[in-house]
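Spelled out, the chains give:
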Amino acid sequence: MRRLSDGVEAALHCALALAFLPDGKVLAGKSLAELHGVSESYLLKHLRALTAAGVIDALPGPRGGYRLAREPASITLLDIVEAIDGREPAFVCRELRRRGPRHAKDPCVYKTDCFIKSRMLAAEDAWRDALRAQTLADLVSDGETLISDHNKQAIADFMMKSQR
């Protein structure tokens, strides 16, 4: 429905990686950046946003790092999208229907919301509902069946080596 920032993709991949950590373990931001081939400074901005939204926890210190704040089944894809891109609606009605030279300027003439606005916001609500209905646990399940055995092993090896 709308163009999501690149940070959403990075955040989804990081949350998925953190879902595979054993209890009590964390991954450093540097390790998450290396795993996904992005710069650490770029990724840290998004990890801070996920932390502020309560999706992940940030543990400070030399042995610190990141872990999920909740179980994967309780983290929706919408939680992650909104942590990165915000909760503001994608469509903002500027009331163009009132601007033209032949349009009524009196707000009382417009007894209902703009019907274009109503349809756009309804579509966005459906999009948000679809993201709310999918969880990080769904991505974990997808990964278990859709990631090749070779890549699963490579990721598992990296995670084992990098976890703290």
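For the structure, see preceding data.
Here the residue numbers are simple positions, counted from 1 along each chain's written sequence. Residue-level local features of this predicted model are given only where pLDDT is at least 70; pairs of side-chain atoms are given and counted only at 80 or more, and the full residue set underlies all totals for whole chains, interfaces and linings. With hydrogens and water stripped out, all remaining heavy atoms of the structure feed into the side-chain values.

Undergrad: Explain helix H6 (residues 136-146) here, please?
TA: By the burial criterion, the buried members of H6 are Leu136, Val140 and Gly143. Buried residues of H6, seen end-on, are gathered within an arc of 60° and therefore sit on one face of the element. Turned more than 90 degrees off the buried face of H6, the exposed positions are Thr145 and Leu146. We call two residues contacting when some pair of their heavy atoms lies within 4.5 Å. Helix and strand assignments come from DSSP, with helices taken as H or I runs of at least 4 residues and strands as E runs of at least 2, each series counted from the N terminus. If you follow the buried residues of H6, they end up packed against helix H1 (6-19), strand E2 (65-68), helix H4 (77-85) and helix H7 (149-162). Measuring from the backbone nitrogen of Ala137 back to the side-chain oxygen at the start of H6 gives 3.2 Å, which picks out Thr135 as the cap. Any residue under 20% of the maximum accessible area for its type is buried, any over 50% is exposed, and the rest in between are partly exposed; the area is computed with a 1.4 Å probe on protein chains only. As used here, the arc belongs to the directions running from the helix axis to the C-beta atoms. By the criterion applied in these results, polar contacts are pairs of N or O atoms within 3.5 Å in which, for protein atoms, one can donate a hydrogen and the other can accept it, and in which residues neighboring in sequence qualify only through two side-chain atoms.

Undergrad: I tried to follow the pattern of salt bridges on my own but got confused; where do I start?
TA: Where charged atoms from two side chains of opposite charge approach closely, those side chains can pair. Any Lys or Arg side-chain nitrogen found within 4 Å of a carboxyl oxygen on Asp or Glu counts as a salt bridge. Across all of its chains, the model carries six salt bridges by this definition. Note that Glu82 is salt-bridged to Arg87, the shortest N-O span being 3.7 Å. The class for Glu82 is buried, based on a relative accessible area of 14%. Taking the relative accessible area as the measure of exposure, Arg87 reaches 64% and is therefore exposed. The residue Arg128 makes a salt bridge to Glu124 at a minimum N-O spacing of 2.9 Å. You can see Arg128 and its partner Glu124 sitting in helix H5 (residues 115-132), four residues apart, about one turn around the helix. Taken as a pair, Arg128 and Glu124 share a single burial class, namely buried. One salt-bridge network, in which partners are shared between bridges, spans Glu82, Arg87, Glu124 and Arg128.

Undergrad: It is not clear to me how the layout of surface pockets should be interpreted in this structure. Could you clarify?
TA: Once rolled over the atoms, a probe with the size of a water molecule shows which space is left empty. Estimates place the volume of the largest pocket at around 510 Å³. Contributing to the lining of the largest pocket are 18 residues, with Leu16, Ala17, Phe20, Ile147 and Ile155 lying nearest its centre. At the level of elements, H1, helix H2 (29-36), H6 and H7 are the ones that each hand at least two residues to the lining of the largest pocket. The element best represented in the lining of the largest pocket is H7, accounting for five residues. Among the residues making up the lining of the largest pocket, the classes are represented as 12 nonpolar, four polar and two charged. Considered as a void within the structure, the second largest pocket measures approximately 210 Å³ in volume. With a 1 Å grid laid over protein atoms only, a set of points is called a cavity when a 1.4 Å probe fits there but cannot get out and a pocket when it is open yet has protein on both sides within 12 Å along at least five of seven lines; lining residues have an atom within 4 Å of a point. Forming the boundary of the second largest pocket are Leu18, Ala19, Leu21, Pro22, Asp23, Gly24, Lys25, Arg67, Leu68, Arg70, Glu71 and Pro72. Every element with two or more residues in the lining of the second largest pocket is listed here: H1 and E2. Grid points are joined across faces, edges and corners, and a volume is the space filled by probe spheres set on the points. In this classification, the charged set is Asp, Glu, Lys and Arg, the nonpolar set is Ala, Val, Leu, Ile, Met, Phe, Trp, Tyr, Cys and Pro, and all remaining amino acids, among them Gly, are polar.

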